[in-house]
Amino acid sequence: MTDQATKPANHLIEIKQYGQSIWMDNLTRDMIQSGELKQLIENGGICGITSNPAIFEKAIKGNAIYDADIEAGIKAGLPTYKIYESLIFEDIRNACDILSPVYESSNGLDGYVSIEVPPTIAHDTEATIKEAKRYYQEIGRENVMIKIPGTKAGLPAVEQVIAEGINVNVTLLFSVASYVETAWAYIRGLEKRVAEGKDISNIA
């Protein structure tokens, strides 16, 4: 029998004392419905989740848990991308709800779930802004983050989306210079919002 003295340490929880947060790069409906995700958050030290189209492709492909919703979408005559969005938006909303206590207890420093705009628009600033706003509104959770590629066209979108009060997770940063450019896009977005007399206390 394992007692407290011999119980293995959870390094994911221990790392919090160093000011670090562990986010999981995976999300499936199975994890949500089985309670596994809640357990990972409450007992496993997970503080947030990031997702992307490849992650959802693996989650949905060949998984019967999504079949009923897919069939309902087909019967409703929805186009493929709308069926896909209905599946992932539901998973993102549910994950946001499960992570909401982390978001609240950390005053918005953690507890986010990120969802990426379509990678096909990575080089289209206006389309990225439009989709980021739509995703944020349709998902309807304050602890959702919209993931935007840190491309040349993506950074102006980051600035504008931040100015509109939407949380952003920037992906595809492979150098210090790219990180610095992204940080300035974030700052410019905050400055634009302040100039309009709007609150910036809850924008991540």
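Above this text you will find the structure in question.
Residues numbered from 1 in each chain as written. Predicted model: local features only at pLDDT ≥ 70, side-chain atom pairs only at ≥ 80, totals over all residues. Heavy atoms only, no water.

### Describing the side chain of R29
Among the structural elements, R29 can be located in helix α2 (residues 29-34). The exposure class assigned to R29 is buried, which follows from its relative accessible area of 3%. (Helix = DSSP H or I, 4+ residues; strand = E, 2+ residues; numbered from the N terminus. Buried < 20%, exposed > 50% of the residue type's maximum accessible area, 1.4 Å probe, protein only.)

### Structural notes on unusual backbone geometry
Of note, the phi angle at N107 is positive, near 55°, even though the residue is not glycine. A relative accessible area of 66% places N107 in the exposed class. Backbone geometry at L172 places phi at a positive 65°, although glycine is not the residue there. Here L172 lies in the loop between β5 (168-171) and α9 (176-195). Of the residues examined, L172 reaches a relative accessible area of 43% and is grouped as partly exposed.

### A few points about the pairing of strand β3 (residues 113-116)
Along β3, one buried face is formed by V113 and I115 and the opposite face, lined by S114 and E116, is buried too. Note that strand β2 (residues 46-50) and β3 share 2 bridges and pair parallel. Bridging across to β3, I49 finds its partner in V113. With helix α7 (residues 125-139) bridging β3 and the parallel strand β4 (residues 144-149), this β-α-β connection has right-handed handedness. (Pairing = 2+ DSSP bridges. Right-handed = clockwise from strand over helix to strand, strands pointing away.)

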